[in-house]
Amino acid sequence: MINKVRNYMEKHHMAEPGDRIFLGVSGGADSVCLCLVLAELSEQMGFALEAVHVEHGIRGEESRRDAAFVQKLCKKLGVPCRRRDVDVPAYALGHHLGEEEAARILRYRELAGAADSGAQQGKTKIAVAHHMEDNAETVLFQMIRGCGLDGMCGMAPVRTDAEGRVYIRPLLGTGRKEIEAFLKERGQEYCRDSTNESMQYSRNRIRGRVMPELAGINPQAVWHMNRMAEGMSELRDYIGHAAEREYAETVKKQEGNILVCTEKLLELPAFLQKQMIHRAAGEAAGSKKDIAAVHILAVLELCRKQTGTSISLPYGLVAKRSYGWIVIGRPADKTHTVLREISHGQLADLKENRTGRLDIEADGQTFVFRVFEFNGNFGKIPQKMYTKWFDYDKIKNGIFIRSRRPGDYFIMDAGGHRKKLKDYLTDEKVPDTERDRLLLLAEESRILWITGRRMGYGAQVTEDTRTILEVTWSGSGEGPSVQS
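Residues numbered from 1 in each chain as written. Predicted model: local features only at pLDDT ≥ 70, side-chain atom pairs only at ≥ 80, totals over all residues. Heavy atoms only, no water.

## Brief notes about the pairing of strand β14 (residues 365-373)
Link 1 in the chain: Strand direction decides the pairing type here: strand β13 (residues 358-362) and β14, joined by five bridges, are antiparallel. Bridge pairing links Ile360 to Phe367 in β14.
Link 2 in the chain: Between β13 and β14, which pair antiparallel one after the other, the connecting turn spans two residues, and Asp363 there sits at a positive phi close to 55 degrees.
Link 3 in the chain: Two strands pair when backbone bridges link them, and β14 and strand β21 (residues 467-474) are joined in this way by eight bridges, in the antiparallel orientation. Residue Phe369 lies in a different strand from β21, and its bridge partner there is Val471. (Pairing = 2+ DSSP bridges. Helix = DSSP H or I, 4+ residues; strand = E, 2+ residues; numbered from the N terminus.)

Structure (structure tokens):
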């Protein structure tokens, strides 16, 4: 057993001389076995070992006996031991979780905290005692929940979390019977958790009912499932390299949303389409854990729906069809903001002082207002998307610089025909993700200018114009150039 685990650790580069390994020890057979093995290997391989026991606050006196057992075992082995007490029932209730999931979250939280506290003394690793049966059970659990390729890969021998912590599973190449035989050979006792017998937990039902049935069909079922998971991991790595380029060309980020180009997505093989959606949704959420096959298929179905169709996803996300894109993100804030107001009195002051200018800062962008007489030369009217001329006398109530709001409209032509701003943006195929970011020049609900896009006819310069209001916008330059 010792040599087998050492070879497995070396194969997967789990430990280097000088590392500090924090081992989660519950007192059960698996973690006791790993504690014995790592205590012996720590001298051979040159790493420091420290145990962490998390007392979940679930099983009363039985749980406290387990904590005492672990502390006694570690003292016997000369392994430092930290005990961490948590309240799983309270955490589960407060976060609307089952106790099984709450216990897992708190257990990993305490392990991570211990490793972080030891990081100043050298490179740290977190060791957990998952073995081959655990891996097979995980694959089954993922499959019955509806998983993709990632779920079929099972547990990784080594993984790094988002904060850079490294988790290792030295027993992942070892079966439960080997573990029990090793403990018997050493004469080592271990604790038995009574909650493992409860069929109210999903994993216990898989372990106690499904796995024995599979072993009855094929005694090597666990071994074959682990080999399959390993093969799926290799396939995932291969596809991942191939998909990286496609992802960069198909998906982009914008204002906290993830945008997937439907045209490019549908050109890909079906498997890669699902990979793109799974990764995009996971990136938007910050986790792929609850993004199941049913969600991926629902997002793909949006590619065949009309603009505006949306679905809900885990983590409070929404996926919405927006012209040639699937937009994945959290619902937008519908607050309509007035950034600045330029009163009619300020415009009148500019008219009186014809050589002056008014500089306005709004949302990190600059607007420059000038007023001067019009000499009737229409060839002088700027055609630039960042400078517009308006008929000063057609603006009666001052100007707002703001985002859009319900009731906004354009004057579309010299005949005074109106069009709702919402309808105009729809006709121009402006994505929803951009609409609330547009800066507007408005007089009440009448839109004078969508900065970076077109202006309305409501204050357009005509042969009757005597005074020009010139507005120059120093914007981001990202909007498409649509001239009025």
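## Side note on the packing of helix α6 (residues 132-145) against helix α9 (residues 202-217)
Link 1 in the chain: Following both chains from N to C, one finds α6 and α9 inclined at 105 degrees, their axes separated by 10 Å at the closest point. As summarised for this structure, α6 and α9 are arranged roughly perpendicular, according to the angle between their axes. Along its contact with α6, which presents Asp134, Ala136, Glu137, Thr138, Leu140, Phe141 and Ile144, the element α9 presents Ser202, Arg203, Ile206, Arg207, Val210, Met211 and Leu214.
Link 2 in the chain: By residue class, the composition of the contact of α6 with α9 is eight nonpolar, two polar and four charged. (Axes fitted to C-alpha atoms, helices over the stretch in contact; angles between N-to-C directions. Parallel < 35°, antiparallel > 145°, perpendicular 65-115°, else oblique. Contact = heavy atoms within 4.5 Å. Nonpolar A, V, L, I, M, F, W, Y, C, P; charged D, E, K, R; others polar.)

## Notes on the environment of Gln188
Link 1 in the chain: Here Gln188 shows up in the loop between α8 (176-186) and α9.
Link 2 in the chain: With 264 residues separating them in the primary sequence, Gln188 and Gly452 have C-alpha atoms 75 Å apart.
Link 3 in the chain: Beyond its immediate stretch of four places on either side in the chain, Gln188 contacts Val32, Leu36, Phe69, Leu73, Lys76 and Leu183.

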